[in-house]
Amino acid sequence: MNKPLRLAAIAATCALTGGVLYGAGAATAGQSTVNSTHEPYNIGQLTKDIDTYYGTTPDADGVYQASADSPYAKDLARIDAAARRQIDKAARAAQHGHRGKKPAVVFDIDDTLLLSLDYEKKNNYGYNGTTWAAYVDKADRPEVFGSPELVRYAAKKGVAVFYNSGLSEAQRSAAVKNLKKVGADVNLDAGHMFLKDAANPPAYLSGCAAPGAWKCTTVQFKSGTRKHIESLGYDIVANFGDQYSDLEGGYADRTYKLPNPTYFVG
């Protein structure tokens, strides 16, 4: 996953944290607005709001975890309930032959199925490609509450499960290992898990990628992959992601934006 913008767009999501987002030129604690400087939201206060939203707490091993009774968990539960209704509807339609194509769901991986809160917290919501790759390779991230269960629920209802992630092809084995560990052990083969392969991009991305010359934006990559999935005879009834760029570009009946106030991928 490439995370080019960190904290740049978090202020726009502060309503999720339950914290107060002060207007331009307004004062946070101890900050004057005499000269109307249009001072941005204070990062120190913002990180506190993020901790409150997740219920961030280190476990016995010093790993930062989200709390199961946090506002974050409650938001996820509401999204999960709505998604189950959509999956049920699609499964019923398929059983009665109302659709010519097979129903499918598509999941992003980072912070949609696997939670990166410990990395974010310990890196002060910054990003370094080397440390991020090492973190992914540990294959020890906890689940995003409810998401692995939703994967299994879709499969149980006869809805095909696909994955569409910005993780690199080199990180495939670690992603599979981690997904198995959290219980999202459904369709983890190369035919269902699409990762970023900059060295040898698939033909369906030829408009923005050639071997060794990747120019696809996140939206181009992910929407192009969904288009490819639908070309295989599937109707994507639900698409899940923590970034708007996971969801934009069409080729999904419904989109479900999971909360993530820690980073932004355009």
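Here the residue index of a chain counts from 1 through its sequence in written order. Only residues with pLDDT of at least 70 get local features here, since the model is predicted, and only at 80 or more are side-chain atom pairs given and counted; chain-wide, interface and lining totals rely on the full set of residues. The basis for every side-chain value is the complete set of non-hydrogen atoms in the structure, without hydrogens or water.

K.L.:
Teacher, can you tell me more about the overall build of the protein chain here?
P.N.:
A run of H or I in DSSP becomes a helix once it reaches four residues, and a run of E becomes a strand once it reaches two; helices and strands are each numbered from the N terminus. From N to C terminus, the protein chain includes eight helices and nine strands. Only protein chains enter the area calculation, which uses a 1.4 Å probe; residues under 20% of their type maximum are buried, those over 50% are exposed, and those in between are partly exposed. Taking all 266 residues of the protein chain together, the buried fraction comes to 48%. In this analysis, two residues are considered to be in contact whenever any of their non-hydrogen atoms come within 4.5 Å of each other. Relative to all contacts within the protein chain whose residues are 6 or more apart in sequence, the contacts with residues 24 or more apart total 65%. Counting only carbon and sulfur atoms, one obtains 53% of the accessible surface of the protein chain, whose full area is about 12300 Å². Residue burial considers only the protein chains on display, and all accessible areas are found by Shrake-Rupley using a 1.4 Å probe.

K.L.:
Whenever I open this one, the nonpolar core confuses me. Can you help?
P.N.:
When a protein is soluble and globular, its nonpolar side chains tend to lie buried together. Of all hydrophobic cores here, the largest spans 50 residues; its most connected members are V105, F107, I109, Y163, L179 and F240. Setting aside chain neighbours within four positions, we find Y163 in contact with F107, I109, L113, V151, L179, A184, V186, N187, L188, H192, M193 and F194. A104, A160, F162 and F194 belong to the second largest nonpolar core, which has eight residues in total. Residue types Ala, Val, Leu, Ile, Met, Phe, Trp, Tyr and Cys, when buried and joined through side-chain atoms within 4.5 Å, form a set referred to as a nonpolar core.

K.L.:
Whenever I open this one, the side chain of S165 confuses me. Can you help?
P.N.:
You can see S165 is positioned in strand 4 (residues 160–168). Note on S165: relative accessible area 0%, which makes it buried. Within the structure, the side chain of S165 is placed 3.0 Å from the backbone nitrogen of L167, a separation counted as a polar contact. Other than its neighbours up to four places away in sequence, S165 contacts D108, I109, D110, F194, L195, K196, F221 and K222. Here a polar contact means two N or O atoms within 3.5 Å. Within protein one must be a hydrogen donor candidate and the other an acceptor candidate, and residues neighboring in sequence count only if both atoms are side-chain atoms.

K.L.:
Sorry if this is basic, but what is going on with helix 5 (residues 129–137) here?
P.N.:
Since one α-helical turn is 3.6 residues long, residues separated by three or four positions face the same way. Along helix 5, the residues that are buried comprise W132, Y135 and V136. Across the axial projection of helix 5, the buried residues extend over an arc of 100°, all falling on one side. Those residues of helix 5 hidden inside the fold are in contact with helix 4 (117–122), strand 4 and helix 7 (172–182). Positive backbone phi, approximately 55°, marks A139, located one or two places after helix 5. Comment: arc refers to directions from the helix axis out to C-beta atoms.

K.L.:
Is there a simple way to think about the packing of helix 3 (residues 71–95) against helix 6 (residues 147–156) in this case?
P.N.:
Geometrically, a packed helix pair is captured by the angle between its two axes and the distance between the axes. Here an axis means a line fitted to C-alpha atoms, over the contact stretch when the element is a helix, while the angle between two N-to-C directions is reported on a 0 to 180 degree scale. Between helix 3 and helix 6, the least distance of the axes is 10 Å, while the angle of their chain directions is 10°. In terms of orientation, helix 3 and helix 6 fall into the roughly parallel class. On the side of helix 3, the interface is formed by D80, A83, R84, I87 and D88, while helix 6 contributes E149, L150, Y153 and A154. These descriptions rest on fixed angle ranges, namely under 35 degrees for roughly parallel, over 145 for roughly antiparallel, 65 to 115 for roughly perpendicular, and the rest for oblique.

K.L.:
Help me understand helix 6 in this model?
P.N.:
Inspection of helix 6 places S147, P148, L150, V151, Y153 and A154 among the buried residues, and these make up the whole buried set. Residues of helix 6 that are buried make contact with helix 3, strand 3 (102–107), strand 4, helix 7 and strand 8 (234–241).

The values are spatial; any link to function lies outside them.
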